[in-house]
Amino acid sequence: MPLTRSLDESTVVVTGASSGIGAATACALARRGADVVLAARSAGALAEVAERCRRLGGRALVLPTDVTDPERVGHLAARAAAEFGRIDAWVNNAAVSAVGLFDEIPADEFRRVVEVNLLGVVHGTRAALPHLLAAGGGVVVNNASVLAEVAMPYQSAYNATKHGVRGFADTVRQELRVTGRHTVSICTVLPASIDTPFFAHAANHTGRELAPPPPVYPPGLVAETIVRLIRRPRREAYAGGAARLLGLQWRMAPALTERALGWYAAHTQLGAAAHPDDSGNVFRADATAEPEGGWHGRRRQLVRMGTALGLAAAGTAVVLARRVRSGP
């Protein structure tokens, strides 16, 4: 169900708003006149993003929040509603990652990724629902990833949490429907690789510098997708053509696509330069207030992406042809 009021009359809470997709989304909403409530751990970065939103024409409230703390998330919702009168939409966007071989990622970091990426969405949704219902309806948008549908090596914790976010969203959507609470929509966005500071801030146990596998899309693409979902909710939406293609190939030929994507990701997300073991921003607040991460140059590797995915597409065609010949 769409918003019960126009976006320029709406209040939207955005978690993980201190940089990357969260900052881009806050600005996209403010540009359309929405009141935005910005939550993340980095108060200084949030203040910068809030000032940017005000210059774009929206009102902005900064509430530093650790999404792993359900009481603080509940306080975030209560303060947002008290300040602006209601909550119309809630964007669960906060995320961290620990990159490395599964058996080399410290257990406490793996647990923290689960707490931020999955339980943060759980806490946010739990806090948002009563306020959205009280407002007459609203929208929850969960920023997952194409890694909620496919998988990538060195990202076991992140993959697991994003798959969990997708399943959680599907279940809550079903429960709202069967209990007659049709006024609240639960949406999931599945972005491809995005040009944000995410890889620079991730915990790194690979021994090498990290970079997003190309093609790399601008964060504004995801922000605009989130805005569209708030205005016209749907179950899921991809952000970036590569995400849609990967999802299709994974469904059609999962084993072949898993191998092709595994090889491709292993050869593109690890750079040549050495990098010491680092827990990144998994435990500490570390944000730049910038939406972009400076990965524009990764677009020149689109040829390699095309080669890898072309092989997967060819394999998919072979599999489908064999199925057609063999019959049901």
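Everything below is about the structure printed above this text.
This section reports on the structure supplied with the text. (Residues numbered from 1 in each chain as written. Predicted model: local features only at pLDDT ≥ 70, side-chain atom pairs only at ≥ 80, totals over all residues. Heavy atoms only, no water.)

1. With respect to the nonpolar core
Next, step 1: In terms of nonpolar packing, the biggest core is built from 56 residues, with L29, L38, C53, V141, I226 and I230 touching the most fellow members.
Next, step 2: It is helix α1 (residues 20-31) that provides the largest number of residues to this core, a total of eight residues.
Next, step 3: Sequence-distant contacts of L38, that is, excluding residues within four places in its chain, are made with V14, A17, A26, L46, V49, A50, L61, V62 and L63.
Next, step 4: Formed by 33 residues, the second largest nonpolar core is a distinct cluster that contains V13, F84, A128 and A169. (Core = buried A, V, L, I, M, F, W, Y, C linked by side-chain atoms within 4.5 Å. Buried < 20%, exposed > 50% of the residue type's maximum accessible area, 1.4 Å probe, protein only. Helix = DSSP H or I, 4+ residues; strand = E, 2+ residues; numbered from the N terminus. Contact = heavy atoms within 4.5 Å.)

2. Re the layout of surface pockets
Empty space among the atoms becomes apparent when a probe as large as a water molecule is rolled across them.
Next, step 1: Space inside the largest pocket adds up to approximately 180 Å³.
Next, step 2: The wall of the largest pocket is formed by 13 residues, among which M1, R173, R177, V184 and S185 lie closest to the centre.
Next, step 3: Counting residues per element, the ones that place at least two in the lining of the largest pocket are α5 (156-178) and β7 (184-191).
Next, step 4: Per-element accounting of the lining of the largest pocket gives the leading share, four residues, to β7.
Next, step 5: Per-class residue counts for the lining of the largest pocket are six nonpolar, two polar and five charged. (1 Å grid on protein atoms, 1.4 Å probe; cavity = no way out; pocket = protein on both sides within 12 Å on 5 of 7 lines; lining within 4 Å. Points joined across faces, edges and corners; volume = space filled by probe spheres on them. Nonpolar A, V, L, I, M, F, W, Y, C, P; charged D, E, K, R; others polar.)

3. With respect to the environment of A239
Next, step 1: Its location among the elements puts A239 in strand β10 (residues 236-239).
Next, step 2: With a relative accessible area of 1%, A239 lands in the buried category.
Next, step 3: In this structure the C-alpha to C-alpha distance between A239 and S193, which are 46 residues apart in sequence, comes to 9.2 Å.

4. Some remarks on the side chain of D35
Next, step 1: Its location among the elements puts D35 in strand β2 (residues 35-39).
Next, step 2: Residue classification places D35 among the buried positions, given a relative accessible area of 11%.
Next, step 3: Setting aside residues no more than four positions away along its own chain, D35 makes contact with S10, T11, V12, R59 and F84.

5. Thoughts on the pairing of strand β6 (residues 138-143)
Next, step 1: Of all six residues in β6, six are buried; the element is thus mostly enclosed.
Next, step 2: Burial along β6 is two-sided: G138, V140 and N142 and V139, V141 and N143, pointing in opposite directions, are all buried.
Next, step 3: Direction of pairing for strand β4 (residues 89-92) relative to β6: parallel, over a ladder of four bridges. Within β6, the position partnered with V91 by the bridge is V141.
Next, step 4: As paired elements, β6 and β7 share six bridges and run parallel to each other. When the sheet's bridge partners are listed, G138 is paired in β7 with V184.
Next, step 5: Considered for its hand, the β-α-β crossover made up of β6, α5 and β7 is right-handed. (Pairing = 2+ DSSP bridges. Right-handed = clockwise from strand over helix to strand, strands pointing away.)

6. Thoughts on the packing of α1 against helix α2 (residues 43-55)
Next, step 1: One can describe the packing of α1 onto α2 by two numbers: an axis separation of 8 Å at closest approach and a directional angle of 25°. Overall, the two elements α1 and α2 adopt an arrangement that is roughly parallel. When you trace α1 past α2, the crossing you get is right-handed. Where α1 approaches α2, its residues A23, A26, C27 and A30 are matched on the opposing element by V49, R52 and C53. (Axes fitted to C-alpha atoms, helices over the stretch in contact; angles between N-to-C directions. Parallel < 35°, antiparallel > 145°, perpendicular 65-115°, else oblique. Left-handed = near helix turned anticlockwise from the far one by under 90°.)

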